[in-house]
Amino acid sequence: MAREFKVAVAGATGAVGREMMRTLEARGFPVGSLLPLASARSEGRKVKFRGEEVPVSVLTDDSFKGVDIALFSAGAGASREFAPRAAESGCVVVDNSSAWRMDPEVPLVVPEVNPHAVAAYKTKGIIANPNCSTIQMVMVLKPIHDAARIKRVVVATYQAVSGTGLKAIEELKRQTEAIVAAREAKVEVYPHQIAFNLFPHIGSFTESGYTEEELKMVFETQKIMEDDSIRISATTVRVPVYFGHSESVNIETEKKLTADEAREILSRAPGVEVVDDPSGNLYPYPIMAAHRDETFVGRIREDMSVPSGLEMFVVSDNIRKGAALNTVQIAEVLVENYL
């Protein structure tokens, strides 16, 4: 009989935590028992798993005794506080927050790109899940880099409100209903109205002028790709879409690739689906990716402004591949090869 594991999900009542549990169930992860964890505000609530109502426990220092794997989606503050406690209890943490991503002793993993990095979990007992916008970008960058070596990337993102959480999803819904009914759209979650609007502001602004989200895409990509020589510039934009981040990605390579060569390379990449027939109005868009596991890429064309460049449009569900699915896939690599 295959080994089963006691799995904790920290942040179990949030959008990503819920999706993590659905993903564990859908992919047949060998869960012997599930321990949903959340803050004291969720005490007494229950979550569904394999057709049963499972009570939610309060996240504390003592939550992880006997737990084999903990999937964290409780925010960076909770991860900084509780992930080391979990690791000390003998549990391996796969953390979805930004808390540990750039720690040199913590692997940052996208299983289709750098699964070998999981082996470094033993140092601290923690594996970091990258930022959602980084994940979908490196899914297409890695096969191109392997074929032609990437020199520079310029990316603009169009990111769904679900990346902020359930409150942002509700805010977009309320504002849209209010505007359609000619009522005032109240602004609470974001600095500006998001319904029928967009703004180039995700994360706090830094002294460089870039936002934290933009810098995550730079440094996380270099770490995952294991190549600090790749130059990256990002502009991240929040748009009034519920699910699915979109990215316009410009890539400059050392070796020239034609658009057809790039399509062929990407069509063989694991987890990537090429949707690229403009004559039939076929290209990636958020509704296509919503509630799907694949990373979609299209509008693949040669950049006419440089000798060796490509343009493409990449879309993925930020809650699925951008968070829950990638976290569970990391756990799958862990149990298949290391535990």
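Above this text you will find the structure in question.
What counts as what
- Residues numbered from 1 in each chain as written.
- Predicted model: local features only at pLDDT ≥ 70, side-chain atom pairs only at ≥ 80, totals over all residues.
- Heavy atoms only, no water.
- Bend = angle between axes of the 7 residues up to and from the residue.
- Helix = DSSP H or I, 4+ residues; strand = E, 2+ residues; numbered from the N terminus.
- Buried < 20%, exposed > 50% of the residue type's maximum accessible area, 1.4 Å probe, protein only.
- Salt bridge = Lys/Arg side-chain N within 4 Å of Asp/Glu carboxyl O.
- Contact = heavy atoms within 4.5 Å.
- Patch = residues over 30% accessible without salt bridge, like charges linked within 9 Å, V, L, I, M, F, W, Y side chains within 5 Å.
- Areas by Shrake-Rupley, 256 points an atom, 1.4 Å probe, with all protein chains shown as cover.
- Pairing = 2+ DSSP bridges.
- Axes fitted to C-alpha atoms, helices over the stretch in contact; angles between N-to-C directions.
- Right-handed = clockwise from strand over helix to strand, strands pointing away.

Peer 1: Account for helix 8 (residues 320–337), naming residues and giving values.
Peer 2: At Asn326, helix 8 shows its largest bend, some 40°. Of all 18 residues in helix 8, 16 are buried; the element is thus mostly enclosed.

Peer 1: Quick rundown of the pattern of salt bridges? Include the residues and the values.
Peer 2: Two side chains of opposite charge can pair, provided their charged atoms sit close to one another. A complete count under the given rule lists 22 salt bridges for this structure. A salt bridge links Arg85 to Asp61, with the shortest nitrogen-to-oxygen separation between them at 3.5 Å. One end of the pair, Arg85, is in helix 2 (residues 76–88); the other, Asp61, is in the loop between strand 5 (57–58) and strand 6 (69–72), with 24 residues separating them in the sequence. Of the residues examined, Asp61 reaches a relative accessible area of 37% and is grouped as partly exposed. Salt bridges sharing partners connect three or more residues here, namely Glu19, Arg22, Asp293 and Arg320.

Peer 1: So what about the side chain of Ser308? Which residues, and what values?
Peer 2: Mapped onto the elements of the fold, Ser308 is located in the loop between strand 13 (295–302) and strand 14 (309–316). Dropping the residues within four chain positions of it, Ser308 is found in contact with Ile251, Glu252, Thr253, Glu254, Lys255 and Lys256.

Peer 1: Report on a nonpolar patch on the surface, specifying residues and quantitative values.
Peer 2: Where nonpolar side chains cluster on the molecular surface, the patch consists of Tyr283, Tyr285 and Ile287 and spans about 330 Å² of accessible area. On the secondary structure map, Ile287 appears in helix 7 (residues 286–289).

Peer 1: So what about the sheet that holds strand 11 (residues 245–253)? Which residues, and what values?
Peer 2: If you walk across this open sheet you meet the six strands as 10-9-11-14-13-12, and the pairing is mixed. What marks the edges here is a single partner per strand, and that holds for strand 10 (231–238) and strand 12 (272–274). Taken over all neighbouring pairs, the strand axes of this sheet differ in orientation by 20° on average, direction set aside. Two elements, strand 11 and strand 14, share eight bridges in a ladder whose sense is antiparallel. Counterpart to Asn250 in the pairing with strand 14 is Glu311. Along the sheet, helix 5 (residues 212–225) makes contact with strand 9 (150–159), strand 10 and strand 11, crossing strand 10 at roughly 140°.

Peer 1: Can you lay out the pairing of strand 1 (residues 5–10) for me, pointing to particular residues and giving the numbers?
Peer 2: Burial analysis of strand 1 places five of its six residues in the buried class, the great majority of the element. One ladder, built from six bridges, connects strand 1 with strand 2 (residues 31–38); its direction is parallel. Note that in strand 2 the partner of Val7 across the bridge is Leu34. On the question of chirality, the crossover connecting strand 1 to the parallel strand 2 by way of helix 1 (residues 15–26) is right-handed.

Peer 1: Account for the pairing of strand 2, with residues named and values stated.
Peer 2: Among the eight residues in strand 2, six count as buried, and that is most of the element. The sheet contact formed by strand 2 and strand 5 spans two bridges and is parallel. Residue pairing for strand 5: Ala38 is matched across the bridge by Val58.

Peer 1: Outline unusual backbone geometry, supporting the account with residue identities and numerical values.
Peer 2: A positive phi angle is found at Ala182, which is not glycine, with a value near 60°. Among the secondary structure elements, Ala182 is positioned in the loop between helix 4 (166–180) and helix 5. We classify Ala182 as exposed; its relative accessible area is 73%. For Glu226, which is not a glycine, the phi torsion comes out positive at approximately 55°. With respect to the helices and strands, Glu226 occurs in the loop between helix 5 and strand 10. On the accessibility criterion, Glu226 (53% relative accessible area) is exposed.

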